[in-house]
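# Residue-level structural notes
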Amino acid sequence: LMQHYEKAFSRHDRMVAQVLLTLDDLSNRRRFLNARHTLYELFKLNILPIVNENDTVAVHEIKVGDNDNLAALVTNLVEADLFINLSDVDGVYEEDPRLNPDAKRISVIEHIDTWIKAKASDTLRTGSTGGMQTKLEAAEKAQRFGVASVIANGRQKNILGKILEGQDVGTLILPKQGADRLNSKKYWLAYSLKPCGSLIVDAGAKTALMEGGRSLLPSGVRQIVGRFNQGDPIDLGVTGEKPFARGLTCYSSSELSQIKGCKTTEIEKILGYKYFDEVIHRSDMVLLPRAD
């Protein structure tokens, strides 16, 4: 495959480089930044990186699984301006065009809601990955990073040129703006990390985190789920609901089991030491997208 890329781009006097990543590379902040620096250096040298998942070493726990979501993560990795996702159909349709030839293409999507997701059929080809549902998942991730996405037909002649000229081809998914937009670190927290455990918090803590922009204090913690260490990513939720936030914990699960429900002034008395007042600081936390 790389030989085909080299041959294709050599006609334009461009060199290419193969970059193999796993979710583990993107989850570890230091390795994430090292990968970013490598890609930036390739750009400086006018070399085009061809990114793929490193299937040789990727096991289920560190696997992204499909190129659509890998591309969305790389969008954040390189802080891209536009995410173009090429498919074998002309864009997102109100119905599956392979089942209904009269289905209408959607030119612009402002918000990817449950209606859009329900209309997007999954891949019909046995053994393949990356159907329209995964392309919308990837576009939603890029959208939260403030990047526009285009889903278009890669078999259409000069499709990239048409997209960059602003022609009405494919489906344009508009980026999030303002408070809904995530910075690079928040995006990394939301999408590049797999939680090692979770905390059940009370309703007051959830309100403070979601509406007040506050950090999580031990007084709001009600239950610890799983085993994790200081600095690990964990999810936050309330009983009976899906997680609403994710962050890096300042205390291990064993430490939190001792200080949950306590005031910050009591931490040092209970543990004999204190790292921080917060269980998760606001700067190390991101609110997860809600289903519409």
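Residues numbered from 1 in each chain as written. Predicted model: local features only at pLDDT ≥ 70, side-chain atom pairs only at ≥ 80, totals over all residues. Heavy atoms only, no water.

Turning to its location among the elements, Asp232 is positioned in the loop between β8 (221–225) and β9 (233–237). Buried and unpaired, Asp232 has Arg227 as its nearest opposite-charge partner, separated by 9.9 Å. At 2.8 Å, the side chain of Asp232 and the backbone nitrogen of Asn229 are in polar contact. Setting aside chain neighbours within four positions, we find Asp232 in contact with Cys196, Gly247, Leu248 and Thr249. (Helix = DSSP H or I, 4+ residues; strand = E, 2+ residues; numbered from the N terminus. Buried < 20%, exposed > 50% of the residue type's maximum accessible area, 1.4 Å probe, protein only. Lys, Arg positive; Asp, Glu negative; His and termini not counted. Salt bridge = Lys/Arg side-chain N within 4 Å of Asp/Glu carboxyl O. Polar contact = N/O pair within 3.5 Å; in protein donor to acceptor, adjacent residues only side chain to side chain. Contact = heavy atoms within 4.5 Å.)

To continue, consider the packing of helix α3 (residues 29–44) against helix α8 (residues 184–191). Axis separation between α3 and α8 bottoms out at 12 Å; the angle between their running directions is 120 degrees. Taken as axis vectors, α3 and α8 run oblique relative to one another. Where α3 crosses over α8, the handedness of that crossing is right-handed. Contact residues: Arg29, Phe32 and Arg36 in α3; Ser184, Lys185 and Trp188 in α8. In terms of residue class, the contact of α3 with α8 is built from 2 nonpolar, 1 polar and 3 charged. (Axes fitted to C-alpha atoms, helices over the stretch in contact; angles between N-to-C directions. Parallel < 35°, antiparallel > 145°, perpendicular 65-115°, else oblique. Left-handed = near helix turned anticlockwise from the far one by under 90°. Nonpolar A, V, L, I, M, F, W, Y, C, P; charged D, E, K, R; others polar.)

This part covers the pattern of salt bridges. All told, the structure shown has 10 salt bridges when counted by the stated rule. Between Asp68 and Lys135 there is a salt bridge whose closest N-O contact spans 3.4 Å. Placement of the pair is Asp68 in helix α4 (residues 67–77) and Lys135 in helix α6 (residues 132–144), with a sequence separation of 67 residues. Close ionic contact of Arg246 with Asp235 constitutes a salt bridge, the shortest N to O distance being 2.6 Å. You can see Arg246 sitting in strand β10 (residues 245–248) and its partner Asp235 sitting in strand β9, a full 11 residues away along the chain. Its relative accessible area of 10% is what places Arg246 among the buried residues. Several salt bridges share partner residues, and in doing so they unite Asp24, Asp25 and Arg31 into one network.

Both faces of the sheet carry side chains from a regular strand, because those side chains alternate between them. Among the 5 residues of strand β7 (residues 197–201), 5 are classified as buried, and the element is accordingly described as predominantly covered. Residues Gly197, Leu199 and Val201 of β7 are buried on one face, and the alternating residues Ser198 and Ile200, pointing to the opposite face, are buried as well. Summarising the sheet, β7 and β9 pair through 4 bridges and their orientation is parallel. Of the residues in β9, the one forming a bridge with Ile200 is Gly237. (Pairing = 2+ DSSP bridges.)

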